Amino acid sequence: MNTRKLGKSGLEVSELGFGCMGLSFPNAPAKDESIQLIRSAVENGITFFDTAQGYGENEILVGEALKPLRNEVVIATKFGFKDGNVKFGLDSRPETIKAVAEASLKRLRTDVIDLFYQHRPDPDVPIEDVAGTVKDLIQQGKVKHFGLSEANAETIRKANSVLCVTALQSEYSMFYREPEKEIIPVLEELGIGFVPFSPLGKGFLTGTINADVELAKEDTRNMLPRFSRENREANQALVDLVVSIATGKNATPAQIALSWLLAQKSFIVPIPGTSKLHRLQENISATGISLSNEELKEINSALATIKIVGERYPAYMRDSAERK
């Protein structure tokens, strides 16, 4: 697999990463299966793995899976929630960041965190203080690179003025293109990498979900307005477009969604997650699909005619992230 550099920081990773969060959710594979899946990702060329303090036991799983391969991979994790739990609210106080770093190092079975993101901006702690704290951790050799997640343009600029921001992680896909307005231009200007999560629109862009599909009761998408039955029906035009393009390219809808994302900017590294080996292999194969400039122009023209209906998060979740 080809590699990409996240902005001007010099952090080089595989052009497709692996989001590990789902391996700690209900209905995830057994631990041994998850470990083997992560190691299979490495065998297939993926070197960039994403986890977080707030993903339950995920750091422990990732740490165990990657310990024998530590010198071959880049591990990103996150801080920013009280006691590592989203339900308890935000906490990016300097003393908390330092404590989280120590705990994450132990859970990940490593002596350094390659990329340490602030999971969500904390309105009670100036971003300059957050950046300064991570800078201290870098000087101590406990962290290599600083990242932000779901931060707006102003926050990105303020943080970068104190410590070079290596990457921003935020949602971006054909299903959610808001970052194109302000975020991507700022990242390009400052030389910051972009790591899109949910690059497959939380599964919507795979073509397997429509208005008739019954989501399981425990499926977290049930709480997302965009995944209500009526909104899935309203947004079906996007799925139809992706399926049509995939048919013409002898590819799957997921592969088209990922290849489109990779074609947007050279500093973009998506991190799709999966719990199934065949889906992992399908995602990886997307890196071999090339979309010409003419094809991209046609796709983007078609996307511009499709209005996406429904908020991506309920109100209480939107309040914990900056959406500008």
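Quick look at the structure, then. (Residues numbered from 1 in each chain as written. Predicted model: local features only at pLDDT ≥ 70, side-chain atom pairs only at ≥ 80, totals over all residues. Heavy atoms only, no water.)

## Looking at unusual backbone geometry
What counts, and what does not: Numbering of helices and strands runs from the N terminus, with a helix taken as a DSSP run of H or I at least four residues long and a strand as a DSSP run of E at least two residues long.
Even without glycine at this site, Arg109 takes up a positive phi of about 55°. Mapped onto the elements, Arg109 comes out in the loop between helix H3 (94–107) and strand E6 (113–118). With a phi angle near 60°, Glu150 is a residue other than glycine that sits in the positive phi range. Position of Glu150 relative to the elements: it lies in the loop between strand E7 (143–149) and helix H5 (153–162).

## Looking at the nonpolar core
A general trend in soluble globular proteins is that nonpolar side chains are found buried together. For clarity, the threshold we go by: In plain words, nonpolar cores are sets of buried Ala, Val, Leu, Ile, Met, Phe, Trp, Tyr and Cys residues tied together by side-chain atoms within 4.5 Å. Only protein chains enter the accessibility calculation, which uses a 1.4 Å probe; a residue whose area is less than 20% of its type maximum is buried, one above 50% is exposed, and one in between is partly exposed. Whether two residues touch is decided by their heavy atoms; if any such pair falls within 4.5 Å, the residues are in contact.
Core analysis: the largest hydrophobic core is formed by 76 residues, its most contacted members being Phe48 and Ile156. Apart from the residues within four sequence positions on either side, Ile156 is in contact with Leu148, Ala151, Val165, Leu168, Ile183, Val186, Leu187, Leu190 and Ile192. Core analysis: the second largest hydrophobic core is formed by 20 residues, Leu37, Val42, Val62 and Leu280 among them.

## Thoughts on the packing of aromatic side chains
Note the following rule: Stacked, tilted and edge-to-face pairs are distinguished by plane angle, under 30 degrees for stacked and over 60 for edge-to-face with tilted covering the rest, among Phe, Tyr and Trp rings (Trp via its six-membered ring) whose centres lie within 6.5 Å. A ring has a charge above it when a Lys NZ or an Arg CZ is no more than 6 Å from the ring centre and no more than 35 degrees off the ring normal.
Evaluated as defined, the whole model comprises seven aromatic pairs. Judged by centre distance (4.8 Å) and plane angle (55°), the rings of Phe79 and Phe116 are tilted. Pair noted here: Phe79 is in strand E5 (residues 74–79) and Phe116 is in strand E6, with a separation of 37 residues, a long-range link. Both residues of the pair, Phe79 and Phe116, count as buried. A centroid spacing of 5.8 Å and a plane angle of 55° characterise the contact between Tyr172 and Trp260, whose relative ring orientation is tilted. With a gap of 88 residues between them, Tyr172 in the loop between strand E8 (165–171) and helix H6 (183–190) and Trp260 in helix H9 (residues 253–264) connect regions that are remote in the sequence. With respect to class, Tyr172 is no different from Trp260; both count as buried. The rings of Tyr172, Phe194 and Trp260 are connected pair by pair, giving a single aromatic cluster. Just above the ring of Phe175 sits the side chain of Arg226; from NZ or CZ to the centre is 5.0 Å. The aromatic ring of Tyr176 is capped on one face by Arg312, whose charged end is 4.2 Å from the ring centroid.

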